[in-house]
Amino acid sequence: MAKYTLTVNGRGRTVDTDPSRPLLDVLREDLALTGAKYGCGEGQCRACTVLLDGAPVTSCTMPVRMAVGKAITTIEGLAAPGGKLHPVQQAFLDATAMQCGYCTPGMVLRTTALLKKTPRPTEAQIVESLNGSLCRCCGYTSIVAAVRMAAALGTSAAKPANSAKGGKRNG
Amino acid sequence: MPNYSYPPMEQRRVMGKRITRLDGMEKAAGKAKYNSDVRPKGTIHAVGVFSPHAHARVKSVDTSAAQQAPGFAAVSVVAAPGAEVNWAGQEIAFVAAQTEEQARDCARLIKVEYEALPHLVREENLAKAGSRGKPAGEQVTGDPEAAFSAAGAVTHEAEYGIPVITHCCLEPHGQIVAWDGAANKIEYWPSTQAISAVGGDLAKQLELPATQVHSHQDHIGGGFGSKFQSDLWGAHAAKLSKMAGGKPVKLYLERREELTIAGVRPSVFGKVKLSASASGEMTGWDSTTWMTGGFAGGGLNADLLPYVFRNVANRRINHTAVSTNNGASRAWRAPNHPQVCYITCAAMEDLAAKLKMDPMEFFLKNLDKTPRADTYKAQILKAAEMIAWKQNWKPRGSSTGTVKRGLGLALGTWGGAGHASRCRTTINPDGSVLIEIGSQDLGTGTRTIITQVVAETLGLPMGGITLKLGDNNYPASGASGGSTTVGGVSASSRKASVDALDKLFAAVAPALGVPADQLEAVDSKIQVKGNAAKSMTWKAACAKLGVSAIIAENANDPRNPGGLTTGGVGGCQMADVSVDTETGIVKINKVVAVQDVGLVINPKTSDSQVYGGVIMGICAALMEERVMDEMTGRFLNADMEFYKLAGAGDIGEIEVHMDITPDHDKRGVIGIGEPATVPTIACIANAVANAIGVRVPVLPLTPKNVLNALHNTTRRLA
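Numbering of residues starts from 1 in every chain and runs along the sequence as written. The lettering of chains begins at A and the numbering of ligands begins at 1, in the order of writing. A pLDDT threshold of at least 70 governs which residues receive local features in this predicted model, and a stricter bar of 80 or more applies before side-chain atom pairs are shown or counted, although totals over entire chains, interfaces and linings include all residues. Calculated side-chain values reflect all of the structure's heavy atoms, with hydrogen atoms and water omitted.

Focus on the domain arrangement of chain B
All names here are of chain B.
Then, number 1: These domain boundaries are the output of an automatic or database domain assignment. Each domain of chain B was delimited in the assignment, giving domain 1 (9–32 + 418–556), domain 2 (40–117 + 174–252) and domain 3 (264–416 + 566–710).
Then, number 2: Relative placement of domain 1 and domain 3: their C-alpha centres are 39 Å apart.
Then, number 3: For the pair domain 1 and domain 3, the summed buried surface comes to about 1,600 Å²; carbon and sulfur atoms form 54% of the total.
Then, number 4: Two parts placed together each lose some accessible area; with a 1.4 Å probe, that loss summed over both constitutes the buried area. Area buried by domain 1 at its contact with domain 3 is led by Met 9, Arg 18 and Ser 483, which between them contribute 35% of it.
Then, number 5: Here a salt bridge means any side-chain nitrogen of Lys or Arg lying within 4 Å of a carboxyl oxygen belonging to Asp or Glu. Counting across the domain 1 and domain 3 interface gives two salt bridges.
Then, number 6: Polar contact criterion, stated in full: a pair of N or O atoms within 3.5 Å, where within protein one must be able to donate a hydrogen and the other to accept it, and residues adjacent in sequence count only if both atoms are side-chain atoms. Summed over the shared surface of domain 1 and domain 3, the number is eleven residue pairs in polar contact (both at pLDDT 80 or more).
Then, number 7: Among the elements of the structure, helix H12 (446–458) and helix H13 (485–512) are those that each provide at least two residues to the side of domain 1 that touches domain 3. Think of it this way: any DSSP run of H or I at least four residues long counts as a helix, any run of E at least two long counts as a strand, and we number them from the N terminus.

Considerations on the pattern of salt bridges
Residues and elements named next belong to chain B.
Then, number 1: Within this structure, the stated rule accounts for 41 salt bridges over all chains.
Then, number 2: In this structure, Lys 369 engages Asp 368 in a salt bridge whose closest nitrogen and oxygen atoms are separated by 3.0 Å.
Then, number 3: The partner of Lys 590 in a salt bridge is Glu 655, with the nearest N and O atoms 2.9 Å apart. Separated by 65 residues along the polypeptide, Lys 590 in strand S28 (residues 586–595) and Glu 655 in strand S29 (residues 653–658) bring together distant segments of the chain.
Then, number 4: A simple rule labels every residue: compare its accessible area, found with a 1.4 Å probe on the protein chains alone, to the largest value its type can have, and call it buried under 20%, exposed over 50%, or partly exposed in between. By relative accessible area, which is 14% here, Lys 590 ends up buried.

Points about helix H18 (residues 703–710) of chain B
Each α-helix turn comprises 3.6 residues. Residues three or four places apart therefore point the same way.
All names here are of chain B.
Then, number 1: Among all positions of H18, only Asn 705, Val 706 and Ala 709 are buried. Projected onto a plane normal to the axis of H18, the buried residues spread over an arc of 100° and lie on a single side.
Then, number 2: Contact criterion: two residues are considered in contact whenever any of their non-hydrogen atoms come within 4.5 Å of each other. Buried residues along H18 sit against strand S27 (569–580), S28 and helix H17 (680–692).
Then, number 3: The positive-phi residue at the C-terminal boundary of H18 is Asn 712, with phi of around 55°. Taking the helix axis as origin, the arc is that swept by the directions to the C-beta atoms.

Some remarks on the packing of helix H3 (residues 104–117) of chain A against helix H4 (residues 123–130) of chain A
Relative placement of two packed helices is described by the angle separating their axes and the distance separating the axes.
Residues and elements named next belong to chain A.
Then, number 1: Throughout, an axis means a line fitted to C-alpha atoms (over the contacting stretch in the case of helices), and angles, computed between N-to-C directions, take values from 0 to 180 degrees. The interhelical angle for the contact between H3 and H4, taken along N-to-C directions, is 135°, at an axis separation of 10 Å. When the axes of H3 and H4 are compared, the pair comes out oblique. Here H3 and H4 pass one another in a crossing that is right-handed. When H3 is examined against H4, the residues Met 107, Arg 110, Thr 111 and Leu 114 are found in contact with a partner set consisting of Gln 125, Ile 126, Ser 129 and Leu 130. By the definition adopted for this analysis, an angle is roughly parallel if under 35 degrees, roughly antiparallel if over 145, roughly perpendicular if from 65 to 115, and oblique otherwise. Crossings are classed by handedness, with left-handed meaning an anticlockwise turn of the near helix from the far one by less than a right angle and right-handed meaning a clockwise turn.

A word on the interface of chain A and chain B
Then, number 1: Each side of the interface is counted separately: chain A has 43 residues, and chain B has 58 residues.
Then, number 2: Contact with chain B buries area across many residues of chain A, yet Glu 29, Gln 99 and Arg 136 of chain A alone supply 19% of it, more than any other trio.
Then, number 3: In this assembly, chain A and chain B are joined by six salt bridges.
Then, number 4: Among the ionic pairs, Arg 39 of chain B bridges to Glu 29 of chain A, the shortest N-O distance being 2.7 Å.
Then, number 5: Applying the counting rule to chain A against chain B returns 27 residue pairs in polar contact (both at pLDDT 80 or more).
Then, number 6: Among the elements of the structure, helix H1 (23–30), helix H2 (87–94), H3, H4 and helix H5 (140–152) of chain A are those that each provide at least two residues to the side of chain A that touches chain B.

Concerning the nonpolar core
Side chains of a nonpolar character, in soluble globular proteins, are inclined to be buried together.
Residues and elements named next belong to chain B.
Then, number 1: Residues enter a nonpolar core if they are buried and are Ala, Val, Leu, Ile, Met, Phe, Trp, Tyr or Cys, with the set joined through side-chain atoms within 4.5 Å. Ranked by internal contacts, the top residues of the largest apolar core, which has 148 residues, are Phe 362, Met 574, Ile 684 and Leu 701.
Then, number 2: By residue number, the principal contributor to this core is helix H8 (residues 337–354), which donates ten residues.
Then, number 3: When sequence neighbours within four positions are dropped, the list of residues in contact with Ile 684 reads Ala 575, Val 577, Ile 588, Ile 618, Ala 621, Leu 622 and Leu 701.
Then, number 4: In terms of nonpolar packing, the next biggest core, distinct from the first, is built from 47 residues, Tyr 6, Ile 449, Ile 465 and Ile 550 among them.

Re the layout of surface pockets
Then, number 1: Here a cavity means grid points, on a 1 Å grid over the protein atoms only, where a 1.4 Å probe fits yet cannot get out; a pocket means an open set of points with protein on both sides within 12 Å along at least five of seven lines; lining residues are those with an atom within 4 Å of a point. Grid points are joined across faces, edges and corners, and a volume is the space filled by probe spheres set on the points. In this structure, the second largest pocket occupies an estimated 1,300 Å³ of space.
Then, number 2: Lining the second largest pocket are 46 residues, and of these Tyr 38 of chain A together with Arg 104, Glu 254, Arg 255 and Glu 257 of chain B sit closest to its centre.
Then, number 3: Charged residues are taken to be Asp, Glu, Lys and Arg, nonpolar residues to be Ala, Val, Leu, Ile, Met, Phe, Trp, Tyr, Cys and Pro, and polar residues to be all remaining types, Gly included. Of the residues assigned to the lining of the second largest pocket, the class counts are 20 nonpolar, eight polar and 18 charged.

Section: the pairing of S28 of chain B
Residue and element names in this part refer to chain B.
Then, number 1: Of all ten residues that make up S28, nine are buried, and the element is covered over most of its length.
Then, number 2: Think of it this way: DSSP has to see at least two bridges between two strands before they count as a pair. Where S27 lies against S28, nine bridges are found, and the strand directions are antiparallel. Counterpart to Cys 572 in the pairing with S28 is Val 594.
Then, number 3: The turn linking S27 back onto S28 is made up of five residues, and Gly 584 within it adopts a positive phi angle of 80°.
Then, number 4: Pairing between S28 and S29: six bridges, direction parallel. The residue of S29 that forms the bridge with Gln 595 is Met 658.
Then, number 5: Orient the strands so they point away from the viewer, and a crossover whose first-strand-to-second-strand path over the helix runs clockwise is right-handed. In this fold, the crossover linking S28 to S29 by way of helix H15 (residues 603–622) has right-handed handedness.

Here's the deal with the sheet that holds strand S2 (residues 11–17) of chain A
Residues and elements named next belong to chain A.
Then, number 1: Spatially, S2-S1-S5-S3-S4 is the arrangement adopted by the five strands of the open sheet, whose pairing is mixed. Two strands bound the open sheet, and with one partner strand each, they are S2 and strand S4 (55–58). The average undirected angle you get between the axes of adjacent strands in this sheet is 40°.
Then, number 2: Pairing of strand S1 (residues 2–8) with strand S5 (residues 71–73), which is carried by two bridges, proceeds in the parallel orientation.

A look at the side chain of Ser 76 of chain B
Residues and elements named next belong to chain B.
Then, number 1: For Ser 76, the location among the structural elements is in strand S3 (residues 72–77).
Then, number 2: Looking at Ser 76, its side chain comes within polar contact range of the side chain of His 236, at 2.7 Å.
Then, number 3: Not counting chain neighbours up to four residues away, the residues in contact with Ser 76 comprise Ala 93, Phe 94, His 236, Lys 239, Leu 240 and Met 243.

A word on H12 of chain B
All names here are of chain B.
Then, number 1: An ideal rise of 1.5 Å per residue puts 18 Å on 13 residues; H12 measures up with 18 Å between its terminal C-alpha atoms.
Then, number 2: Among the 13 residues of H12, 13 are classified as buried, and the element is accordingly described as predominantly covered.
Then, number 3: Backbone geometry just downstream of H12 places Gly 459 in the positive-phi region, at approximately 65°. A helix is expected to span 1.5 Å for every residue after the first.

Concerning the sheet that holds S29 of chain B
Residues and elements named next belong to chain B.
Then, number 1: Taking strand neighbours across the sheet as the criterion, the four strands line up as S19-S27-S28-S29 in an open arrangement whose pairing is mixed. In this open sheet, the two strands that pair with only one neighbour each are strand S19 (403–414) and S29. Going across the sheet, the axis of each strand differs from the next one's by a mean of 15°, ignoring polarity.
Then, number 2: Across the sheet, H15 lies against S27, S28 and S29, angled at about 135° from S29, the strand it touches most.
Then, number 3: Its contacts with the sheet put H17 on S19, S27 and S28, and the angle it makes with S19 is roughly 150°.

Structure, rendered in structure tokens:
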């Protein structure tokens with residue numbers, strides 16, 4: 001066992017854990033951050049995606065010791081403190097880019113990382129970035145549409161979430 | 001008898017609108033709680049010990065070392081010495097400890113001795129099945145032999161196969177369960193498609209009255225037909241909880257177990273002979289099919305053959321279910337249909353090629369053998385227009401170059417009428433409205449469409465309705481399977497809400513000075529029909545209730561749905577593919593889906609179902625296959641590295657068309673989750689055959705299988 005201070009969503013969090021335990025388990029079990037999901041345990045489905053210094057990683061295959069000293073962002077840390085959705089989250093909502101929603105946190109975080117690096121991605125770049133993130137409900141059409149929508153909103157700039165023209169759309 | 005009919009299509013304000021899903025906000029925010037996220041205070045963890053043998057007798061189970069391990073809480077043995085295990089992955093024991101890691105350590109310390117026995121895990125060679133095959137009786141209509149030997153008849157005979165595939169839900173099967181032994185009460189958080197029934201199923205396993213189990217679920221990470229029961233892991237997790245003094249036990253399967261024992265779709269292999277006249281009139285069908293649904297056998301309704309075109313004059317059907325040493329099959333989105341659709345539409349495409357006929361013309365010519373010729377004709381013509389069939393279709397194998405392009409089509413059908421469902425509507429004196437229904441939202445949009453129906457009925461905005469589901473304390477509603485949910489819950493919530501509104505009308509009629517049946521609820525007001533000037537606000541109307549809320553409960557009766565829901569839809573899909581004949585890689589250019597619908601409550605969520613269904617079909621057509629090792633009897637690719645699913649880059653362009661029209665609207669609500677996935681596999685397989693000039697007989701359309709077909713090195717089935 002070892003004591004680590006992790007920086008999670010901008011806050012220092014101390015955990016006492018086996019150094020080789022997956023970051024995913026520490027986030028979910030010790031820190032009650034359940035947005036990242038267990039899907040396969042081997043980094044293949046990417047439901048467990050979190051950002052480490054802004055880059056997407058599969059937290060189910062990452063020993064917790066490797067995350068020390070890095071900024072960990074989980075889906076819970078993406079929205080503004082008041083709960084206002086991040087533009088990528090808003091785009092996923094507006095595009096109905098989910099069914100069961102289990103893969104959504106991973107998809108949203110991977111898109112956030114993509115748009116930070118490549119604010120105006122081509123269709124091929126979107127597909128390449130998301131191709132390994134699996135959705136068993138098979139909502140890829142609307143997921144890719146959501147990424148396009150988020151890119152159009154200019155997510156890389158620190159624009160407020162309300163630029164997405166509100167959450168509910170009737171008709 | 002109140003009038004429960006929906007208002008005419010053009011008068012609806014909320015139903016029929018593309019309203020954003022109500023669960024979208026929590027899901028986008030990462031706040032949606034799945035039961036695998038639930039962690040009541042004091043939760044301990046359990047894992048299983050599973051048989052490594054496909055067939056064995058358990059000689060001994062020694063848990064003593066595990067019981068001394070750090071953190072140990074309780075152990076429950078499933079397979080006692082002497083028990084026979086019949087598939088690799090069968091449950092031997094479950095053990096609980098303070099942490100998941102400790103539980104895993106405990107499981108490793110459980111020593112099990114087995115006597116290995118002979119196994120059969122593969123079914124594609126029927127001759128090897130021997131007595132494990134259970135033939136169903138032969139069915140004959142007309143005289144198939146006469147049809148095949150008739151003057152001028154063109155016959156085609158070939159083998160086809162579609163392997164076992166898995167549900168592969170991203171959220172594995174499992175539950176949190178706490179059994180308070182003193183009170184004999186169980187709190188139960190399963191990942192389930194049947195919140196009203198699964199608690200009773202657990203109670204039955206534990207020999208308790210159903211009243212003792214309280215089931216909860218907000219969200220589920222996929223089910224697709226595999227999550228109806230409480231399962232052995234549910235019962236043993238409960239027992240471990242009781243043994244551990246009532247502490248909540250969390251027991252979720254890991255990916256390997258999930259794929260191995262938590263449900264698969266049965267395979268189908270078969271030899272088909274069919275015939276047509278030279279002009280393309282299909283005259284005869286003879287199929288000998290076999291499949292496995294696991295150790296228990298069963299699992300395919302061969303009576304559906306030839307699929308859709310079942311009214312062919314001369315028909316012979318033989319079918320054998322093979323018991324293999326594999327985990328049991330479970331319902332899988334549109335049980336039976338995708339498999340028999342493939343066998344039928346592939347054989348028909350092959351015969352059309354032999355007739356040198358455009359398969360679309362061949363299908364059109366034979367629609368008199370289907371139960372809905374007019375629907376299919378319109379759908380085929382629409383799909384053909386969407387994919388530019390006339391411009392792009394070329395005779396089989398005439399595509400030139402190394403990358404060859406082809407088109408294919410297939411037809412599907414499904415029921416989709418609403419299941420039994422009860423709903424309770426409460427109108428409170430402060431104007432708030434509560435809907436309680438023992439249903440579940442699999443992510444299909446159930447929350448959203450119920451709220452739309454109630455908002456429409458009560459003349460309120462969506463935000464004026466509070467909906468509660470996912471709890472077996474609410475009025476019971478059916479399991480979500482077979483596309484039956486939308487029809488069931490819309491009808492029950494409509495009826496309960498009409499009843500509640502009628503009571504409100506009765507309470508306010510005197511104040512408005514007209515009989516109650518002259519009132520209507522529109523725009524958050526109760527008004528005299530057609531006279532908006534004579535009205536009172538919803539809030540003022542509800543205030544007339546004094547201290548008594550209105551509570552109304554009503555149900556959808558599947559035997560008498562009163563026109564609110566019906567079943568029976570057709571669908572046509574066409575695929576445009578490119579196949580690299582050097583690498584064997586199949587690329588989907590486009591799939592078009594023309595889906596028959598009834599009354600559509602929310603086109604946004606229904607679109608989502610059809611897109612999802614098509615993409616699920618693409619996964620199965622191109623990638624999915626359970627690979628069993630004959631030697632060890634194990635499932636070789638029971639992980640997500642080698643059990644492949646399509647990603648965003650594999651799906652090509654998808655175009656969906658649904659006829660949302662007053663004529664179809666009159667049919668009432670029909671579920672479309674299942675039918676949308678039925679024809680996809682077959683139309684892609686047909687497009688590949690059209691492109692490369694030969695049939696890839698056994699799916700999936702992997703590079704290996706495509707290259708084998710191209711080089712004529714496909715292994716014969718038997």
